Amino acid sequence: MEKRINYIINRFALNGIDIDIDTAELLEKLYVDMVEYNENINITAITQFEEVVDKHFIDSVLIADMIPKNATVMDLGSGGGFPALPLKLVRPDLNIVMLDSVDKKLNFIRQTINKYNIEGCAVLHGRIEDVAHSMQHRGMYDVVTCRSLARLNELIEYSVPFIKDNGVVIAYKGKTYDEEIAECDNVLHALNANICSVEHRVLQPDINRYYVLINKCGETPKQYPRTGGKVHKSPIK
């Protein structure tokens, strides 16, 4: 256990992220719990310790410095809790809602929150396109995070309705991000949104990560996101 905790601290430091021993201990426990839960309910294909640290924990929190202090965050398609759980552990000031349509995966997040008394986070079961039309959530968040959710043109329609007028969507993307951006002119126009920047990080030693930041430039039309699976079946191109 001690060896794994030291490994977590050192790997985070290599990626420019300082964490204390308490946070590292929680991440180590998160790993143990995740592997155990994964034996019965599949929440991830990555279970080897070093890979989980790099590809789930560190990859999740490389955006930590892009999020304002005390921000309200909606994480879309949270699955087994990535990026939301590691992000919450590294940035305890954040208030995070984790949304997914697969309740079996959300149960792991609920168990983790309850087991370790993690405050300032909530779990929400539902379809993104339905929740986005709820007055409780529409236009209510400073930041929306999306990791491994959909292609960018679909993701924009799903996510933009959740952010405040001065909010931002942070979309985790790989090396083909520019190809996806090229598909987005029409959906950006339809949603009154804008790509404000693309941030680059290196998951050490040599894995490139790109984050597409999207904000509003006007009110989101009420018909978006479209319901009934239309966002995926007929994406705006």
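Residues numbered from 1 in each chain as written. Predicted model: local features only at pLDDT ≥ 70, side-chain atom pairs only at ≥ 80, totals over all residues. Heavy atoms only, no water.

## As for the packing of aromatic side chains
One pair of aromatic rings is described through two measures. These are the centre distance and the angle between the planes.
Consideration 1: Per the stated rule, a full pass over the model turns up 7 aromatic pairs.
Consideration 2: Relative to phenylalanine 82, the ring of phenylalanine 57 lies with its centre 6.2 Å away and its plane at 40°, an arrangement referred to as tilted. Taken together, the residues span a long stretch of sequence, with phenylalanine 57 in helix 3 (residues 49-61) and phenylalanine 82 in the loop between strand 1 (72-76) and helix 4 (84-90) at a distance of 25 residues.
Consideration 3: Here phenylalanine 57 falls in the buried class, since its relative accessible area comes to 0%. (Phe/Tyr/Trp six-rings, centres within 6.5 Å; stacked < 30°, edge-to-face > 60°. Helix = DSSP H or I, 4+ residues; strand = E, 2+ residues; numbered from the N terminus. Buried < 20%, exposed > 50% of the residue type's maximum accessible area, 1.4 Å probe, protein only.)

## Side note on the layout of surface pockets
Consideration 1: The calculated volume of the largest pocket comes to roughly 480 Å³.
Consideration 2: Class assignment for the residues of the lining of the largest pocket results in 6 nonpolar, 11 polar and 5 charged. (1 Å grid on protein atoms, 1.4 Å probe; cavity = no way out; pocket = protein on both sides within 12 Å on 5 of 7 lines; lining within 4 Å. Points joined across faces, edges and corners; volume = space filled by probe spheres on them. Nonpolar A, V, L, I, M, F, W, Y, C, P; charged D, E, K, R; others polar.)

## Let's talk about unusual backbone geometry
Consideration 1: Look at the link from phenylalanine 82 to proline 83: it is a cis peptide, with omega at 10°.
Consideration 2: The peptide bond linking tyrosine 224 to proline 225 adopts the cis configuration, its omega dihedral lying at -5°.
Consideration 3: Checked against the element boundaries, proline 225 lands in the loop between strand 7 (207-216) and helix 10 (230-233).
Consideration 4: At asparagine 117, a position not held by glycine, the phi torsion is positive, near 50°.

## Points about the environment of arginine 11
Consideration 1: On the secondary structure map, arginine 11 appears in helix 1 (residues 2-14).
Consideration 2: Classification of arginine 11 as buried rests on a relative accessible area of 14%.
Consideration 3: Once the C-alpha coordinates of arginine 11 and serine 134 are considered, the two residues, 123 residues apart in sequence, prove to be 40 Å apart.
Consideration 4: Contact partners of arginine 11, with chain neighbours within four places excluded, come to Val53, Asp54, Ile58, Gln204 and Pro205. (Contact = heavy atoms within 4.5 Å.)

## Brief notes about the pairing of strand 4 (residues 141-147)
Consideration 1: A large share of strand 4 lies buried, amounting to 6 of its 7 residues.
Consideration 2: Two elements, strand 1 and strand 4, share 4 bridges in a ladder whose sense is parallel. Counterpart to valine 73 in the pairing with strand 4 is valine 143.
Consideration 3: Of the strand pairs in this sheet, strand 4 and strand 5 (residues 163-173) are connected by 6 bridges, and their pairing is parallel. Paired with threonine 145 across the bridge in strand 5 is isoleucine 170.
Consideration 4: For the handedness criterion, the β-α-β arrangement of strand 4, helix 7 (residues 152-159) and strand 5 is classed as right-handed. (Pairing = 2+ DSSP bridges. Right-handed = clockwise from strand over helix to strand, strands pointing away.)

## Quick notes on empty space enclosed by the protein
Consideration 1: Taken as a whole and judged by the stated rule, the model has 1 cavity of 30 Å³ or more.
Consideration 2: Estimated volume of the largest cavity: approximately 30 Å³.
Consideration 3: Around the largest cavity sit Leu26, Leu30, Leu85, Leu89, Thr112, Tyr116 and Ile118, which together line it.
Consideration 4: Where the lining of the largest cavity is concerned, the elements lending two or more residues are helix 2 (21-38) and helix 4.
Consideration 5: Its residues assigned to classes, the lining of the largest cavity shows 6 nonpolar, 1 polar and no charged.

## Structural notes on the packing of helix 1 against helix 3
Consideration 1: Interhelical geometry of helix 1 versus helix 3 gives an angle of 40° and a closest axis separation of 11 Å. By the angle between their axes, helix 1 is oblique relative to helix 3. The two elements helix 1 and helix 3 cross, and the hand of that crossing is right-handed. On helix 3, the residues touching Arg4, Tyr7, Ile8, Arg11 and Phe12 of helix 1 are Phe49, Glu50, Val53, Asp54, Phe57, Ile58 and Val61.
Consideration 2: Grouping the constituent residues of the contact of helix 1 with helix 3 by class yields 8 nonpolar, no polar and 4 charged. (Axes fitted to C-alpha atoms, helices over the stretch in contact; angles between N-to-C directions. Parallel < 35°, antiparallel > 145°, perpendicular 65-115°, else oblique. Left-handed = near helix turned anticlockwise from the far one by under 90°.)

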